[in-house]
Amino acid sequence: MYQEAKYLPVGDRALLVEFGTIVSMSINQKVHALDNAISHLKVLGVEECVPTYRSLLVYYDPGRTSYGQLVFTLKDLERRLGDFLVRTKRKVVQIPVVYGGEYGIDLEFVARHHNLDEEKVIQLHSGREYLVYMVGFVAGFPYLGEVANEIATPRLKSPRLRVPAGSVAIAEKQTGVYPCECPGGWRIIGRTPLKFFDATKHPPALIQPGETVKFIPIGEEEFERLCRGVQDENL
Amino acid sequence: MKICRVVTPGFFSTVQDLGRYGYQRFGVPVSGAMDTYALTAANLLVGNKREDACLEMTLLGPRLEFLKETLISITGAALSPVIGGAPVCCWQTLQVGEGDVLSFGAPQSGCRAYLAVRGGIDVPMVMGSRSTYVRGGFGGFQGRKMKTGDVIEAHTPRNATKSGRFMPKEFIPRYSRAWTIDVVLGPQSHYLTDSGLDDFFSSFFTVAAESDRMGYRLDGARVAQKSSLKIVSDAIPVGAIQVPPSGKPIVVMRDGQTTGGYPKVAMISTPDISRIGQAKSSDKIRFTKISLGKAQTKLLKYRRNLRDMKTQLIETKL
């Protein structure tokens, strides 16, 4: 983590506030705190912020504020970041997951890779809360971390062309959920019946950057029942 | 109000407006017209609001049968438009009647043309925009490109008009096949070696065939990076030029991913993002470095020019 954040211009309409160079919970919490502070205080000229692992991209209108003025304002907020960290604490979002079998085709590999039984992998994966570091890759895909070292598993050498929507997966120390059917190289260990992205809802993503989530193991019957529930809701 | 029926959809035709802002934090790309300048012009020519939705047509235009008398305009790429067998002009208001057929011929210059219809294309607003994001399957016309048999609807115009408009010559861009594009250095420009940076600014790159609304791949010089450096994924704005390990730059365009882990070595100036929206495969691109101050002065001047456009249109009786 940098002692003080780095401020970098990103083209003619954005600036990057970089808090460090690595994936770390304390760096990421600063990102969300600054994001909160900016939206809470409605900083003049700011149009949109995109929080990611270690930096916040701030879009602004150079017709309403200057790069220098904005850096000055944000540096002032950075010194008071502690005030905004509290606001980042939100409720834990519970994500039901059916692990293994046809729903989690790589669970067996992950278990074998670490000399564990599948039950232990499930226990480790669902046994802790995860921070939503950022949402990206495809609309609604949450990057969550960090999983226990015992189940951190490398990506597939070549990505699958089709990963089913709702797939819960692991890549190194990260875990995430595929919101739609798309190509992907993460190890799939289960599936959730919840819809992670819905363009017609506000907000469109089920979970927000900076929130905390926990996976709850469920059985196949429960999964099917919840899937029907999600469908009914969308009728 | 039903306006026209798609007889053939063309190569890739989608409904677009100025884009979807405020949702990149959820992984939603901005989408919108690849050339927002031409889209704005098309709207103003038929008396629409700047942000109304138009049809973006790529290289090979569609064949459309009009179901109602209305005013239209076509701007952007010159794709040889024809109405009822007779060639028509771009960058001016055109009157069409019920049963008229608009079709397109050979692409002459540019890549994307915009069709505005009076009132603006009527599709549902999704997250504040009518733009299509095909990969996500939402926005625009049912979240997809147009296909045969689709019926395009328009909003009822707010007022009646019998006048048409011409775009003055100085507002009509020319599209060459060799582009000089202004950039400011990106947040990871220091990830290139000195010779890599030199190559980046001295080379002509070629737009590769694998180029679309997500981004352009550039062939040509391989831009050398300091090998030891890797970045943790962060946000990618439209217009970012990324250099992956292959050394072949990628220009991120309007449907591009919102996050990624390749170093962003340069950022295209906002007005030039619209210009490059007209670049097509095998076009040449060369990048010129400008300062942030110069880029922002250029952006504000571009916006003034777009504001002036409306008052400079030449009115004419139809």
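Here the structure is shown first, and the text comes after it.
Just so we're clear, the structure is a prediction, and the values are computed from it rather than from any experiment.

Enquirer: Run through helix H2 (residues 194-202) of chain B, naming residues and quoting values.
Expert: All names here are of chain B. Buried within H2 are the following residues: Gly196, Phe200 and Phe201. All buried residues of H2 fall inside an arc of 125 degrees around its axis, so they share one side. The exposed residues of H2 that point more than 90 degrees off its buried face are Asp194 and Asp198.

Enquirer: Could you give an account of the packing of helix H1 (residues 36-45) of chain B against helix H4 (residues 292-312) of chain B, naming the residues involved and the relevant values?
Expert: Residues and elements named next belong to chain B. H4 packs onto H1 with a crossing angle of 20 degrees between their chain directions and a minimal axis gap of 10 Å. Classified by the angle their axes make, H1 and H4 are roughly parallel. Along this stretch, H1 crosses H4, giving a crossing that reads as right-handed. On H4, the residues touching Thr36, Tyr37, Thr40, Ala41 and Leu44 of H1 are Tyr302, Asn305, Leu306, Met309 and Lys310. Residue composition of the contact of H1 with H4, by class: 6 nonpolar, 3 polar and 1 charged.

Enquirer: How would you explain the interface of chain B and chain A if you had to name every residue and give the values?
Expert: Counting residues at the interface gives 36 residues for chain B, matched by 43 residues for chain A. Roughly 3,200 Å² is buried in total at the junction of chain B and chain A, and carbon and sulfur atoms are behind 59% of that figure. On the chain B side of the interface with chain A, the three residues burying the most area are Arg25, Phe26 and Val232 of chain B, jointly 23% of the side's total. The tally of links from chain B across to chain A stands at 3 salt bridges. One salt bridge in this structure joins Arg303 of chain B and Asp61 of chain A, with 2.7 Å as the shortest N-O distance. Linking chain B with chain A are 16 residue pairs in polar contact (both at pLDDT 80 or more), by the criterion used here. For the side of chain B that touches chain A, the secondary-structure elements that each account for two or more residues are strand S13 (178-185), strand S16 (234-235), helix H3 (270-276) and H4 of chain B. Of the residues assigned to the side of chain B that touches chain A, the class counts are 21 nonpolar, 11 polar and 4 charged.

Enquirer: Report on the pairing of strand S9 (residues 167-171) of chain A, specifying residues and quantitative values.
Expert: Residues and elements named next belong to chain A. For S9, a buried count of 5 out of 5 residues is recorded, marking the element as mostly surrounded by other parts of the structure. Sheet topology note: the S9/strand S12 (residues 187-191) ladder contains 4 bridges and is antiparallel. When the bridges of S12 are listed, Ser167 appears paired with Arg191. The pairing of S9 with strand S10 (residues 174-177) spans 4 bridges and is classified as antiparallel. Following the sheet pairing, Ala169 is matched in S10 by Gly176.

Cut-offs applied
- Residues numbered from 1 in each chain as written.
- Chains lettered and ligands numbered in written order.
- Predicted model: local features only at pLDDT ≥ 70, side-chain atom pairs only at ≥ 80, totals over all residues.
- Heavy atoms only, no water.
- Buried < 20%, exposed > 50% of the residue type's maximum accessible area, 1.4 Å probe, protein only.
- Helix = DSSP H or I, 4+ residues; strand = E, 2+ residues; numbered from the N terminus.
- Arc of directions from axis to C-beta.
- Axes fitted to C-alpha atoms, helices over the stretch in contact; angles between N-to-C directions.
- Parallel < 35°, antiparallel > 145°, perpendicular 65-115°, else oblique.
- Left-handed = near helix turned anticlockwise from the far one by under 90°.
- Contact = heavy atoms within 4.5 Å.
- Nonpolar A, V, L, I, M, F, W, Y, C, P; charged D, E, K, R; others polar.
- Buried area = accessible area lost by both parts, 1.4 Å probe.
- Salt bridge = Lys/Arg side-chain N within 4 Å of Asp/Glu carboxyl O.
- Polar contact = N/O pair within 3.5 Å; in protein donor to acceptor, adjacent residues only side chain to side chain.
- Pairing = 2+ DSSP bridges.

Worth remembering: the numbers are spatial, not functional.
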